[in-house]
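In case you want the letters, here they are:
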Amino acid sequence: MGSSRLTRVLAVAANTHRETVRERVLYNLVFFAILMTLSGLLVGDLSVQQDEKIVKDIGLAAMDVFGTLIAIFIGVGLVSKEIERRSLHPLLAKPLGRGEFLLGKFAGLGFTLLVNVAAMSAGLLLTLLATRGRADLGLLKAVYALFLGLLLAVALALLFSTLTSSVMAAICTTCVVVAGRFSDVIHNMKQVAPGVPGWFVHALYYGVPNFRVFDLKNPVVYGDPVGWDVLGWLTLTALAWLSVLIGCAMLAFRTRDLQ
Amino acid sequence: MTAGRYGFLLGLPLMVLCQRQVDARLGRWGAWQQALYFWSGEQVKRLTPGFENLMADLYWLRTVQYFGAERLFSTDKRFELLEPLIEITTTLDPRLEVAYRYGAIFLCEPWPVGKGDPEAGIKVLEKGARNLPRSWRLRQDLGYFRYLFLRDAAGGAQVLLEAAKLPGAPFWLETLAGTILARGGERQSSRLVWQRMYEQAEAGILRENARYNLQRLDALDAIDALNAAAKRFAEQQGRPPREARELMAFGLDPRLLKDPTGVPFEYDPARQGFWFSKSSGMWRSS
């Protein structure tokens, strides 16, 4: 990628980041995520000897749930809104490729999510520091894996938003993300439905991104060692999926008639 | 505007009046009927992929609140949801050690302090020992509870010996196992076990429960002294004593007349001896 192409992608990304930061839904979701993290303090007090674990569980779950909601509901509007508002035409009239536009959109929302996840992680670690006198930095490994999963959700939302309307894209993305969380069910489908052909089960298992693998919440909360090799393989898995999904989105967007 | 003001002024007292009427008909805790919508941890696990730990926390909170509410507010104290709640919690998060340890206490302690179902409590600890094979604490509790609640000295001692082999286990577990084995049914060995539990536990329910049981053992010693005096009284007077105060003439320490909660012991004709008053927090079904 030439430097001028990179500059154009970064310009779209910066603009997308500014746009997403202005979205009211983002603030609502971030507000609820912070509220949920803080509620961990109260809930922890109601329990017996589990306050630290509960604060960690609730904090990480809040990041996961609200991060996914942000990724889906802002992600689906990235392209379809531009098409519906017809603001895409003047943009594409400039020296900006459709692929560059998509990459910029992805990077912009990805950066917004990074900022959100970083803010929520800081909140969680500060909460732990204030209540337990120490911040467990091992949690950041789960946060990193979670962020990779969020990037996948954005890529899915982007792909569907190039193919259909915002509403349909939101429904399709949610379905795939939920299916990806049930990937173990897909893998063991033949136990429940022995008549299903094996090739179909395999195709479904490998054709739906496995969101379960990006969930390291349980091991980090219990202080299990999570090796750098695991994080490395997760990064490669995410990169492979991202290249496929964004590649498909680019193909679909390139051939789409925008009239 | 005027209509709104009248509506507000009329509605405010009416609101309170209506609530009082509803409370009178349904009871103040009418809205707090306990129900479980899912009876299997596997079901909840299937429905919340990736959030099993969070759900386990929520179910554990509910277990603690349910137990506390039944123990403090309920009149019949049935504890019927306790076992499924603990089962769901420990299925969702099989590593939640605290759920096994406290859950077993909630189930094992005799009614009305707990559910009075030691078999169920032992099953919870056995599940914990299977899921956390390196936890000496769970095996230690399993050994203690087999001995204290099932009166199984041999089985309890065997589990304590297994616990002693695990990394981090205290050195005295083997000695304790030997004591239990040698002096199975004696109150002194029960006292030793509860004393160890009291010393090990952090401040909270486990420690309080151990303290309570130590006090109860002291009270049982006092009851023995009272009953010995009552026997002498019956031999002299030809009738059993009606109340503990009648035994003062036998040189009984006045402190022995009341249990540690300050409630006087009562003569129970069915037992033909003194026992805890039903109004005492020390009274149990067994």
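Residues numbered from 1 in each chain as written. Chains lettered and ligands numbered in written order. Predicted model: local features only at pLDDT ≥ 70, side-chain atom pairs only at ≥ 80, totals over all residues.

S.K.: I'm lost on the overall build of chain B in this one. Help?
M.R.: Along its length, chain B carries eleven helices and two strands. Relative to its length of 286 residues, chain B is extended, with a C-alpha radius of gyration of 25 Å against a globular reference of 19 Å. Based on the C-alpha atoms only, the size of chain B along its principal axes is roughly 85 × 55 × 30 Å. Here chain B holds 286 residues, and the buried ones make up 34% of them. Intrachain contacts of chain B at a sequence separation of at least 6 include 47% that bridge at least 24 residues. (Helix = DSSP H or I, 4+ residues; strand = E, 2+ residues; numbered from the N terminus. Rg over C-alpha atoms; globule rule 2.2 N^0.38 Å. Buried ≥ 20, exposed ≤ 12 C-beta atoms within 10 Å, placed from the backbone. Contact = placed C-beta atoms within 7 Å.)

S.K.: Even after reading the chapter, I still don't get the interface of chain B and chain A, so can you show me in this structure?
M.R.: One frequently used descriptor of interface size is the decrease in accessible area upon assembly of the parts. On the chain A side, the residues contacting the 16 residues of chain B number 19 residues. Looking at the side of chain B that touches chain A, the elements that each hand over two or more residues are α3 (52–72) and α5 (97–108) of chain B. With seven residues, the top contributor of residues to the side of chain B that touches chain A is α3(B).

S.K.: I would appreciate a short explanation of the confidence of the model for chain A in the present structure.
M.R.: Close inspection of predicted coordinates is inappropriate in any region flagged by low pLDDT. Per-residue pLDDT for chain A averages 87, and the proportion of residues at 70 or more is 97%. For chain A, helix α2 (residues 24–46) of chain A is the element with the lowest average pLDDT, namely 74, and helix α7 (residues 139–163) of chain A is the one with the highest, namely 94. (pLDDT = per-residue confidence, 0-100.)

S.K.: I'm lost on the domain arrangement of chain B in this one. Help?
M.R.: As far as domains go, chain B holds domain 1 (39–132) and domain 2 (214–275). Once you take the C-alpha centre of each, domain 1 of chain B and domain 2 of chain B turn out to be 39 Å apart. (Domains from an automatic or database assignment.)

S.K.: Please clarify how unusual backbone geometry should be interpreted in this entry.
M.R.: Among all residues except glycine, the phi angle is most often negative; among peptide bonds, the trans geometry is most common. Residue and element names in this part refer to chain B. P112 follows W111 through a cis peptide bond whose omega is 10 degrees. Summarising the element assignment, P112 is placed in the loop between α5 and α6 (118–131). Positive phi outside glycine occurs at F79, with the angle close to 55 degrees. Topologically, F79 is positioned in the loop between α3 and α4 (82–92). Positive phi is not limited to glycine here, since R151 has a value of about 55 degrees. Checked against the element boundaries, R151 lands in the loop between α7 (136–150) and α8 (153–164).

S.K.: Would you mind going over the environment of A:N116 with me for this structure?
M.R.: Residues and elements named next belong to chain A. Relative to the helices and strands, N116 resides in helix α6 (residues 98–132). Note on N116: 23 C-beta atoms within 10 Å, which makes it buried. Separated by 23 residues in sequence, N116 and L139 have C-alpha atoms that sit 16 Å apart. Apart from the residues lying within four places of it in its own chain, the contact partners of N116 are V30, G67 and I70.

S.K.: I keep staring at the packing of α4(B) against α5(B) and nothing clicks. Help me out?
M.R.: Helix-helix packing is characterised by the crossing angle of the two axes and by the distance between the axes. Residue and element names in this part refer to chain B. One way to put it is that α4 packs onto α5 with a least axis distance of 11 Å and a crossing angle of 170 degrees. On the basis of their axis angle, the class for α4 and α5 is roughly antiparallel. On the side of α4, the interface is formed by L82, E83, I86, T89 and T90, while α5 contributes A99, Y100, G103, F106 and L107. Among the residues forming the contact of α4 with α5, the class breakdown is six nonpolar, three polar and one charged. (Axes fitted to C-alpha atoms, helices over the stretch in contact; angles between N-to-C directions. Parallel < 35°, antiparallel > 145°, perpendicular 65-115°, else oblique. Nonpolar A, V, L, I, M, F, W, Y, C, P; charged D, E, K, R; others polar.)

S.K.: For this particular structure, what's the right way to read the nonpolar core?
M.R.: Most often, soluble globular proteins have nonpolar side chains that are buried together. Counting 113 residues, the largest nonpolar core has A:V154, A:L156, A:A157 and A:L158 as the members making the most contacts within it. Counting residues per element, this core draws most heavily on α7(A), at 17 residues. Excluding anything up to four places from it in sequence, A:L158 contacts A:G75, A:L78, A:V79, A:L102, A:K105, A:F106, A:I246 and A:A249. Formed by 14 residues, the second largest nonpolar core is a distinct cluster that contains B:A219, B:L247, B:F265 and B:F276. (Core = buried A, V, L, I, M, F, W, Y, C linked by C-beta atoms within 7 Å.)

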